[in-house]
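Read off the chains here:
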Amino acid sequence: MTAQTLLADLRLLTPELILALGAMALLMAGVYRKGDLPAFKLVNTLSLVLLAVAGAAALYLVPGEGGEAFTGAFVLDPFALYAKTAVFVAAIAALLLADKYLEVERLARFEFPVLVVLASLGMSVMVSADDLMTLYLGLELQSLSLYILAAFNRDSLRASEAGLKYFVLGALSSGLLLYGASLIYGFAGSTSFEAIAVAAASESGSVGLLFGMVFLLAGLAFKVSAAPFHMWTPDVYEGAPTPVTAFFATAPKLAAMALLARVVSDPFAPMVEEWRQVVIVLAILSMAFGAFGALMQTNIKRLMGYSSIGNVGYALVGLSAGTAIGVWSVLLYMTLYVIGVAGAFGVILSMRRSEGMVERIEDLAGLSQTRPGMSWAMTAVLFSIGGMPFLVGFFAKLFVFYAAVEAGLVWLAVVGVLFSTVSIAYYLKVIKVMWFDEPTGEFMPAPAGAALVSRVAGLATVALLPFVAVLFTRVIQAGAGFGG
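Note that the structure is a prediction, hence the values are computed from the model and not measured.

Caption draft 1: Representation of the overall build of the protein chain in the model. The helix and strand inventory of the protein chain stands at 21 helices and four strands. In terms of overall dimensions, the protein chain has a C-alpha envelope of 65 × 60 × 45 Å along the principal axes. Within the protein chain, contacts between residues separated by at least 24 positions form 82% of all contacts whose residues are at least 6 apart in sequence. Of the accessible surface of the protein chain, which amounts to about 18,200 Å², a share of 69% is contributed by carbon and sulfur atoms.

What follows is the structure in structure tokens.
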């Protein structure tokens, strides 16, 4: 490899280099800044700037046509650029949500924003993976950061339990993924996605690759919390500090779904009939567990956990189409879902009374009378996540179902609509408590970051409607080249 080739490769990795070098600089800044709170505030502010710079670099500093780096192990295409930008924006929202909460709960340590930056670095590598080695490198960098974040409140038994559950089950999923990768390597003779696609198109390697693909998909299904690999989600969502839960529900979910879409649509594109069956089963189980599991919840964070399982199922409906429409519909769905979830967690992080944070759904009683702005924002984002016409979330569901219908999976789209109808019930339960129950107490003033994110997300569910065509153009460009 010549120096010129190396520089060209590194140019494609500009966002990742910014995050990697920036994370090391932030560690040094945190160590030398005296006092936990001043160090946290400094590093948190710098982390926001760093993620914004990385996002700008992804859009403006890398070559417009993208390309491949390190002999095809890393790819930068419109799909990766879109996913990276969305991940960085979601990470910025998570840091804004965390700011005041960590200070009040005495968890304001500079390691938190550094871990978010490192997790974002892993996600950025994931969505550009064009090789099994790169895939695993990015996935584990993200996972290691998330394990620590889940147990960040080390004095809390719930947080420690959440971190331990996530770590143990995460290690199991990594084992499944690695076993699948080893089988794929054995039968394809390479870890390159291009070589795997060639082997998948041949008769000789298809049976062995099929087993490897199933194990690989099982490992990735854990990362997106698709049923039946969802068992960690409600417990970790409830036990982890609320800003960590907000982060879990946004950026990592989007990145993992983007990675799953690339894996099935690139190296395993010739085996679409085989992997489609697996994805359909995951979609139906996820929609069922998400819809009926959430109906029984009294904790708002657990409800959002089951909601995330169900929404992954709807995204998988679009992915099961195995077409370019399916891929871009997944990107659209996850983008609009992340907007809604970020807004919901902005309201959840504002649920603080004089005695401390509260998490029960009944604690939202009478919110329309005590905090009308918060109630309107929560109503808008919940209706959007539920797919109510004509908020932006409605168009997200419309197009994943449309992708399934276009692929001849009309029955799957019908099943999705039925489960979506069930899911509306638990969103309406929360909305009913906010608007029709008598107040049981008043929340303290909302933190600035949480109020900003919830208001912006709430407005976006309506204000984005005139710009949906622009968003469609971006996701269609990102999904071009995948599927049929």
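Caption draft 2: Up close: unusual backbone geometry. With an omega of 10 degrees, the peptide bond between Ala 227 and Pro 228 qualifies as cis. Along the chain, the position of Pro 228 falls in the loop between helix H9 (206–223) and helix H10 (233–239). Positive phi values are uncommon outside glycine, yet Arg 106 reaches one of about 60 degrees. On the secondary structure map, Arg 106 appears in the loop between helix H4 (78–104) and helix H5 (111–127). With phi around 55 degrees, Ser 225 is a residue other than glycine that occupies positive phi space. Residue placement: Ser 225 occurs in the loop between H9 and H10.

Caption draft 3: Seen up close, the packing of helix H15 (residues 324–348) against helix H20 (residues 448–463). Closest axis-to-axis distance for the H15/H20 pair is 7 Å, and the angle between their directions is 140 degrees. By the criterion of interaxial angle, the relationship of H15 to H20 is oblique. Regarding H15 and H20, the two cross each other, and that crossing is left-handed. Note on element contacts: H20 touches H15 through Ala 450, Val 453, Ser 454, Ala 457 and Ala 460, opposite Ile 339, Ala 342, Gly 343, Gly 346 and Val 347. For the contact of H15 with H20, the residue count by class is seven nonpolar, three polar and no charged.

Caption draft 4: Seen up close, the pattern of salt bridges. Under the criterion given, the structure shown has 17 salt bridges. Linking Lys 165 and Asp 235 is a salt bridge whose minimum nitrogen-to-oxygen distance equals 2.8 Å. Of the two residues, Lys 165 is situated in helix H7 (residues 157–188) and Asp 235 in helix H10; the sequence distance between them amounts to 70 residues. Classification of Lys 165 by relative accessible area gives partly exposed; the value is 28%. Of the residues examined, Asp 235 reaches a relative accessible area of 25% and is grouped as partly exposed. Of the charged contacts in the structure, one is a salt bridge between Lys 432 and Asp 437, with a shortest N-O distance of 3.0 Å. A relative accessible area of 23% means that Asp 437 is categorised as partly exposed. The network of salt bridges with common partners includes Arg 158, Glu 161, Lys 165, Asp 235, Glu 238, Lys 301, Arg 302 and Glu 359.

Caption draft 5: The packing of aromatic side chains, seen in detail. Within the structure shown, the criterion is met by 15 aromatic pairs. A centroid spacing of 4.9 Å and a plane angle of 45 degrees characterise the contact between Tyr 166 and Trp 232, whose relative ring orientation is tilted. Pair noted here: Tyr 166 is in helix H7 and Trp 232 is in the loop between H9 and H10, with a separation of 66 residues, a long-range link. Here Trp 232 falls in the buried class, since its relative accessible area comes to 3%. Judged by centre distance (5.4 Å) and plane angle (40 degrees), the rings of Phe 222 and Trp 232 are tilted. Of this pair, Phe 222 sits in helix H9 while Trp 232 sits in the loop between H9 and H10; the two residues are 10 residues apart in sequence, bridging distant segments of the chain. One aromatic cluster is present, formed by Tyr 147, Tyr 166, Phe 167, Phe 222, Trp 232 and Phe 248 through successive ring pairs. The positively charged end of Arg 109 is found above the aromatic ring belonging to Phe 152, 5.0 Å away from the centroid. Stacked on the ring of Tyr 314, the Lys or Arg Lys 397 has its end atom at 4.2 Å from the ring centre.

Caption draft 6: A look at the side chain of Thr 134. Residue position: Thr 134 is located in helix H6 (residues 132–150). Among the polar contacts listed, one links the side chain of Thr 134 to the backbone oxygen of Ala 73, at a separation of 2.8 Å. Apart from residues no more than four positions distant in its own chain, Thr 134 is found in contact with Ala 73, Val 125 and Ala 129.

Caption draft 7: Broad picture of the packing of helix H2 (residues 14–32) against H5. Interaxial distance between H2 and H5 falls to 9 Å at its minimum, and their mutual angle equals 160 degrees. Between H2 and H5, the angle falls in the class roughly antiparallel. In this structure, the crossing between H2 and H5 has a hand that is left-handed. Here Glu 16, Leu 19, Ala 20, Ala 23, Leu 26 and Leu 27 of H2 come into contact with H5, specifically with Val 114, Val 117, Leu 118, Ser 120, Leu 121, Ser 124 and Val 125. Looking at the contact of H2 with H5, its residues break down into 10 nonpolar, two polar and one charged.

Caption draft 8: Quick peek at the environment of Leu 149. Assignment of secondary structure puts Leu 149 in helix H6. Sequence separation between Leu 149 and Gly 318 is 169 residues, and the spatial gap between their C-alpha atoms is 31 Å. Ignoring sequence-local partners within four residues, the contact set of Leu 149 consists of Phe 112, Leu 115, Val 116, Pro 241, Val 244 and Phe 247.

Caption draft 9: Region of interest: the nonpolar core. Counting residues in each nonpolar core, the largest one holds 159 residues, and the members touching the most others are Phe 247 and Leu 316. Top contributing element to this core by residue count: H15, with 16 residues. The contact partners of Leu 316, leaving out residues within four places of it in the chain, are Ala 226, Met 257, Leu 260, Val 279, Leu 282, Ala 283 and Ser 286. Counting residues in each nonpolar core, the second largest holds eight residues, with Leu 12, Leu 13, Ala 58 and Leu 76 among its members.

Conventions we followed
Residues numbered from 1 in each chain as written. Predicted model: local features only at pLDDT ≥ 70, side-chain atom pairs only at ≥ 80, totals over all residues. Heavy atoms only, no water. Helix = DSSP H or I, 4+ residues; strand = E, 2+ residues; numbered from the N terminus. Contact = heavy atoms within 4.5 Å. Areas by Shrake-Rupley, 256 points an atom, 1.4 Å probe, with all protein chains shown as cover. Axes fitted to C-alpha atoms, helices over the stretch in contact; angles between N-to-C directions. Parallel < 35°, antiparallel > 145°, perpendicular 65-115°, else oblique. Left-handed = near helix turned anticlockwise from the far one by under 90°. Nonpolar A, V, L, I, M, F, W, Y, C, P; charged D, E, K, R; others polar. Salt bridge = Lys/Arg side-chain N within 4 Å of Asp/Glu carboxyl O. Buried < 20%, exposed > 50% of the residue type's maximum accessible area, 1.4 Å probe, protein only. Phe/Tyr/Trp six-rings, centres within 6.5 Å; stacked < 30°, edge-to-face > 60°. Lys NZ or Arg CZ within 6 Å of the ring centre and 35° of its normal. Polar contact = N/O pair within 3.5 Å; in protein donor to acceptor, adjacent residues only side chain to side chain. Core = buried A, V, L, I, M, F, W, Y, C linked by side-chain atoms within 4.5 Å.

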